[in-house]
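Inside the fold
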Amino acid sequence: MEDFSSAHDALIALITPYTNSSDEKLSSAVFLALFATTGTLFIASHLLPWRAVFLTGGWIATCAGHPSAQDWLATLQSQSQDQLQQSQRHAQGLLQSWIARDIALDAPPETREVEIFELQKHRPGSGGGGYDESEWEPWLFSPTPYDPLSPLRISGSRPRGTRFFEDVQPPRGWAWKDKKWTLDPGGREWVEERAITAVEVEIEGERWVYDMHYEAAESGSVRGAVGKAKAKAQARVGTREEGTGLGRTGQWRRRRWVRVVERRGVGVGVGVGGGGGGVGDPQ
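An unreviewed UniProt entry lists the protein chain under the name Peroxisome size and maintenance regulator, with Cryomyces antarcticus given as the organism. In its Subcellular location (unreviewed entry) section, the UniProt entry covering the protein chain states "Membrane".

Looking now at the confidence of the model for the protein chain. Mean pLDDT for the protein chain: 76, with 75% of residues reaching 70 or above. Note that pLDDT drops below 50 for residues 216-226; the model gives that stretch 13 contacts with residues more than four away or on any other chain. Between residues 228-236, whose pLDDT stays under 50, and residues either more than four places distant or in other chains, the model counts 17 contacts.

In this section: the pairing of strand β9 (residues 252-263). Strand residues, when the strand is regular, have side chains that alternate between the two faces of the sheet. Counting buried residues in β9 gives 10 out of 12 residues, a clear majority hidden from the surface. Sheet analysis places strand β4 (residues 174-176) next to β9, joined by 3 bridges and oriented antiparallel. Looking across to β9, one finds that Trp176 is bridged to Val261. When strand β5 (residues 182-183) meets β9, the two strands line up antiparallel, connected through 2 bridges. Within β9, the residue paired with Thr182 across the bridge is Val258. Both strand β7 (residues 209-211) and β9 contribute to a ladder of 2 bridges, which runs antiparallel. Within the sheet, the bridge partner assigned to Tyr210 lies in β9 and is Arg253.

In the numbering adopted here, UniProt assigns the feature "transmembrane region" (unreviewed entry) to residues 26-48. Taken as a whole, residues 26-48 contains 83% helix and 0% strand, while its terminal C-alpha atoms sit 29 Å from one another.

Inspection of the secondary structure puts Gln70 in helix α4 (residues 67-79). If we ignore the near neighbours within four places in the chain, the residues touching Gln70 are Ala64 and Gly65. A polar side-chain atom of Gln70 sits 2.4 Å from the main-chain carbonyl oxygen of Ala64.

Criteria and thresholds
Just so you know, the residues in each chain are numbered from 1, in the order the chain's sequence is written. Where totals are concerned, whole chains, interfaces and linings use all residues; where local detail is concerned, this predicted model gives features only for residues with pLDDT of at least 70, and gives and counts side-chain atom pairs only at 80 or more. Computation of side-chain values covers all heavy atoms of the structure but excludes hydrogens and water. UniProt positions are given in the numbering used here, feature names are shortened, and annotations may be inferred rather than shown by experiment. Scored from 0 to 100, pLDDT reflects the predictor's confidence in each residue. Note on contacts: a residue pair is in contact if any heavy atoms of the two residues lie within 4.5 Å. For every residue, the accessible area obtained with a 1.4 Å probe (protein chains only) is divided by the maximum for its type, and the residue is called buried under 20%, exposed over 50%, and partly exposed between those limits. To qualify as a helix, a DSSP run of H or I must reach at least 4 residues; to qualify as a strand, a run of E must reach at least 2; elements of each kind are numbered from the N terminus. For two strands to be treated as a pair, DSSP must find at least two bridges joining them. Any pair of N or O atoms that falls within 3.5 Å is considered a polar contact. Within protein, one atom must be able to donate a hydrogen and the other to accept it, and sequence-neighbouring residues count only if both atoms are side-chain atoms.

Here it is as structure tokens:
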């Protein structure tokens, strides 16, 4: 019983550190190795001469108990102790490098890009509606571009959003990865992706996307402007360089800002509102 107890304690001391998940990566590597070995044996076990293996192993164990064999093994162990330790360190180094390289317990968090649109409105009575920056009044940050032919615009509803960047929160279950918002320089790309028409895209400078000016807009009728745009087949996308253009624009202009988020636990914020909130579903 003493021999059994000693053997049991020795096995527990040897096996437990590798299997109790105190080092989760190491335990995962042992599990994978055992799983691969088991799968291989299921396929190739019938090819191994098990009788010869067990017979040879039994004779080796029996012969190792002979006093002469014990003396020889003790002498061999004392002579090759340094080499054995070096081999163990080398094997442990290979194992640790494989674990560090191939065992990944946590996948990197999922990342997405979210967007927000900065809207500015033309100041009443500021002139002819040109490109002078002093003629534009910061309005709000909206999850939609509020383009001339959007359902929200056609219905006569005002844009929805928040007044300040700081009030924009990430979507539910996500957290900011980037430290700040980045201006999207590809104004024409996102305009074409959304099939937005009746706008003019600034291809240089601050990347504003302007409403095109129509005479009906001077009367304050958005519906009339849209109808006139459709009737005259002028619902198109124009481009201009900074400081150029026709000198007259519509009532609104907007530009797109983007920011990267990563998936986290469920949080708050489900949409941009008047008092802040999330930016909706990431793209």
